[in-house]
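What follows is the residue order along each chain.
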Amino acid sequence: MIGNDSWINLPVGYNLVDHVNTDTFITHPDIVFYDFYQAWTKPIRSDETAYLKNHTGILTQSAPNIGPVFWEEVTGADGKVRQFQWTARIEGADQTGSNSTMIMSQYLGRGSTSRGRMIIRQGLDTFVSDPPYLKDVNDKLAVIAGIDSVRKAISGYPKLEWKFPAANQTTQNYVDGIVVSAAKRRANHWLGTNKMGLDDGRKEKGTAVVDLNTKVYGTDNLFVVDGSIFPGMVSANPSAMIVTAAENAAARILALKNGPRAKPVSHRTGAKILTL
């Protein structure tokens, strides 16, 4: 390793953000659980035949028992608009005692302001040293308001029962009772630890690690192109956004005056590499 007097002091690992996941549970007689887990070893014969012979039927689903997806926005007391994605799925009875259970997962995305930190430990593994969940009171109030809105929207539906939060439990009490940790609230949609921005992180109060060409501040030819460059959380699963950012970053990198050039190298495979 080079001496620490040659290190570039950048805020790598800070600005960590993830979708805050809050699960809610309802039951209703019309909700039907299909046991995809059992289908691996003991499938329903007609479903197995439909899938293997015709590529049709319930076993062609990309994910088990996925239900409706819907979105909502909540304006906080701080004036910021926070966006939520809800994803519903039908699960077994392990939490409610009923196979007629639907879990509606709320994900706090765009507009969230809570941030955490990720570090690299001595064993060279990454570790969330500071979870980025509901550290801002307005993020938490928005989560509560979003759940209250859904509870109100379906409150009059016949035979529907709220299990979590319970019908006689306030949403705030329910949210307060959920442990705020990566184990309990994560969506595994990590972003932000090499933040892109104009405020050079080497300077006082600077927060950015890479510039708008995704080049690391203080370097001539080092680029970061992945989910870590996002300044904040996006609306939905970030996979497509990461691909889009990478395509645009590639165009910017190649357009730089002293950008990388593809050239042959001496190698036993005779391959070409893109030198950065």
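These remarks concern the structure in this document. These numbers come from a predicted model, not from an experiment.

1. Here's the deal with the overall build of the protein chain
Step number 1: The helix and strand tally for the protein chain stands at six helices and nine strands.
Step number 2: A compact globule built from 276 residues would reach a C-alpha radius of gyration of about 19 Å, whereas the protein chain, at 24 Å, exceeds it by more than 25%.
Step number 3: Principal-axis analysis of the C-alpha atoms places the extent of the protein chain at approximately 65 × 55 × 35 Å.
Step number 4: Split into buried and exposed, the 276 residues of the protein chain put 39% on the buried side.
Step number 5: Intrachain contacts of the protein chain at a sequence separation of at least 6 include 60% that bridge at least 24 residues.

2. Observations concerning the packing of aromatic side chains
Step number 1: Per the counting criterion, the structure on display carries four aromatic pairs.
Step number 2: Geometrically, the ring pair formed by Phe70 and Trp86 is stacked, given 5.6 Å between the ring centres and 5° between the ring planes. Of the two residues, Phe70 sits in strand β2 (residues 66–75) while Trp86 sits in strand β3 (residues 81–91), which places them 16 residues apart along the sequence.
Step number 3: Judged by relative accessible area, Trp86 falls into the buried class, the value being 0%.
Step number 4: Relative to Trp190, the ring of Tyr133 has its centre 6.4 Å away and its plane inclined at 50°; by these criteria the two rings are tilted. Highlighted residues: Tyr133 in the loop between β6 (126–130) and α3 (137–153) and Trp190 in the loop between α5 (182–185) and α6 (239–255), separated in sequence by 57 residues.
Step number 5: Against the face of Trp162 rests Arg151, its NZ or CZ located 5.5 Å from the ring centre.

3. Regarding α3
Residues lying three or four places apart along an α-helix face the same way, a consequence of the helix completing one turn every 3.6 residues.
Step number 1: Taking 1.5 Å per residue as the helical rise, α3 with its 17 residues ought to reach 24 Å, and the 24 Å between its terminal C-alpha atoms agrees with that figure.
Step number 2: Regarding α3, the residues found buried are Asn138, Asp139, Ala142, Val143, Ile144, Gly146, Ile147, Val150 and Arg151.
Step number 3: Structurally, the start of α3 carries an N-cap: the backbone nitrogen of Asn138 is 2.8 Å from a side-chain oxygen of Asp136.

4. Let's talk about the sheet that holds β2
Step number 1: One open sheet holds the five strands; their spatial order is β2-β3-β4-β1-β7, and the pairing between them is antiparallel. Two strands close off the open sheet at either side, each with one partner strand: β2 and β7 (161–164). The average angle at which neighbouring strand axes cross in this sheet is 25°, direction not considered.
Step number 2: Of the strand pairs in this sheet, β3 and strand β4 (residues 101–108) are connected by eight bridges, and their pairing is antiparallel. Within the sheet, the bridge partner assigned to Arg89 lies in β4 and is Ile103.
Step number 3: Against the sheet, α3 engages β1 (20–27), β2, β3, β4 and β7, with an angle of about 50° to β3.

5. Digging into the nonpolar core
Step number 1: Residues Phe84, Met102, Met104, Val143 and Val175 are the most contacted members of the largest nonpolar core, which totals 24 residues.
Step number 2: Of all elements in the fold, only β1, β3, β4, α3 and α4 (171–176) reach the threshold of two or more residues within this core.
Step number 3: Per-element tally for this core: the top contributor is α3, with five residues.
Step number 4: Beyond its immediate stretch of four places on either side in the chain, Val175 contacts Leu134, Lys140, Val143, Ile144, Ile147 and Arg185.
Step number 5: If you look at the next biggest cluster of nonpolar residues, it comprises 13 residues, including Leu10, Ala208, Val216 and Met233.

What counts and how
- Residues numbered from 1 in each chain as written.
- Predicted model: local features only at pLDDT ≥ 70, side-chain atom pairs only at ≥ 80, totals over all residues.
- Heavy atoms only, no water.
- Helix = DSSP H or I, 4+ residues; strand = E, 2+ residues; numbered from the N terminus.
- Rg over C-alpha atoms; globule rule 2.2 N^0.38 Å.
- Buried < 20%, exposed > 50% of the residue type's maximum accessible area, 1.4 Å probe, protein only.
- Contact = heavy atoms within 4.5 Å.
- Phe/Tyr/Trp six-rings, centres within 6.5 Å; stacked < 30°, edge-to-face > 60°.
- Lys NZ or Arg CZ within 6 Å of the ring centre and 35° of its normal.
- Expected span 1.5 Å × (residues − 1).
- Polar contact = N/O pair within 3.5 Å; in protein donor to acceptor, adjacent residues only side chain to side chain.
- Pairing = 2+ DSSP bridges.
- Axes fitted to C-alpha atoms, helices over the stretch in contact; angles between N-to-C directions.
- Core = buried A, V, L, I, M, F, W, Y, C linked by side-chain atoms within 4.5 Å.

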